[in-house]
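The chain contents come next:
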Amino acid sequence: QVQLVESGGGLVQAGGSLSVSCAASGSIFRIYTMGWYRQAPVMQRELVSTITKGGSTNYADSVKGRFTISRDNAKNAVYVQMNSLKPEDTAVYYCNADLWENGQTNYRNYWGQGTQVTVSP
């Protein structure tokens, strides 16, 4: 069974840096887009950043210039380095992937369980 497992996150002061990682495991044929979304309390889940298999990236306006997404295709992993963090970046960060599992006929969308990032003032 395919799983996305996040690691990293935690508590940091405003202006600090943090990174979170995500690795996909299981019977994987191919992964196209991987990315990060976040959800703050009483807010809807929102896009943070995505990266395609070829390395094309997309960022939410709120994180441009501060966050950097990267990917290791050999490890089925995606990372986001978060710099100049602000209290409004506080949220649960979720890994997401468009992934083709062996035995399936097309890509499906998968989510990780989420990891908490808290930025104190």
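Residues numbered from 1 in each chain as written. Predicted model: local features only at pLDDT ≥ 70, side-chain atom pairs only at ≥ 80, totals over all residues. Heavy atoms only, no water.

Visitor: Hey, could you run me through the environment of serine 49 in this one?
Guide: By the secondary structure assignment, serine 49 is in strand β5 (residues 46-51). Judged by relative accessible area, which is 0%, serine 49 ranks as buried. Residues serine 49 and alanine 60, spaced 11 residues apart in sequence, show a C-alpha to C-alpha distance of 6.2 Å. Setting aside chain neighbours within four positions, we find serine 49 in contact with Gly35, Trp36, Asn58, Tyr59 and Ile69. (Helix = DSSP H or I, 4+ residues; strand = E, 2+ residues; numbered from the N terminus. Buried < 20%, exposed > 50% of the residue type's maximum accessible area, 1.4 Å probe, protein only. Contact = heavy atoms within 4.5 Å.)

Visitor: Can you walk me through the side chain of asparagine 96 in this structure?
Guide: Considering the arrangement of structural elements, one finds asparagine 96 in strand β9 (residues 91-101). Owing to a relative accessible area of 7%, asparagine 96 belongs among the buried residues under this scheme. Other than its neighbours up to four places away in sequence, asparagine 96 contacts Leu4, Thr33, Met34, Gly35, Tyr37, Asn109, Tyr110 and Trp111.

Visitor: What exactly am I supposed to notice about the packing of aromatic side chains here?
Guide: A ring pair, where both rings are aromatic, is described by two values, the distance of the centres and the angle of the planes. All told, the structure shown has 5 aromatic pairs when counted by the stated rule. Here phenylalanine 29 and tryptophan 100 contribute two aromatic rings whose centre-to-centre distance is 5.3 Å and whose plane-to-plane angle is 75°, an arrangement assigned as edge-to-face. Here phenylalanine 29 is found in strand β4 (residues 28-39), whereas its partner tryptophan 100 is found in strand β9, with 71 residues between them in sequence. Three or more aromatic residues link up through ring pairs in this structure, and these residues are Phe29, Tyr32, Trp100 and Tyr107. The side chain of arginine 45 reaches across the aromatic face of tyrosine 94, ending 3.7 Å from its centre. Its guanidinium or amino end placed over the ring of tryptophan 111, arginine 45 lies 4.6 Å from that ring's centre, counting from NZ or CZ. (Phe/Tyr/Trp six-rings, centres within 6.5 Å; stacked < 30°, edge-to-face > 60°. Lys NZ or Arg CZ within 6 Å of the ring centre and 35° of its normal.)

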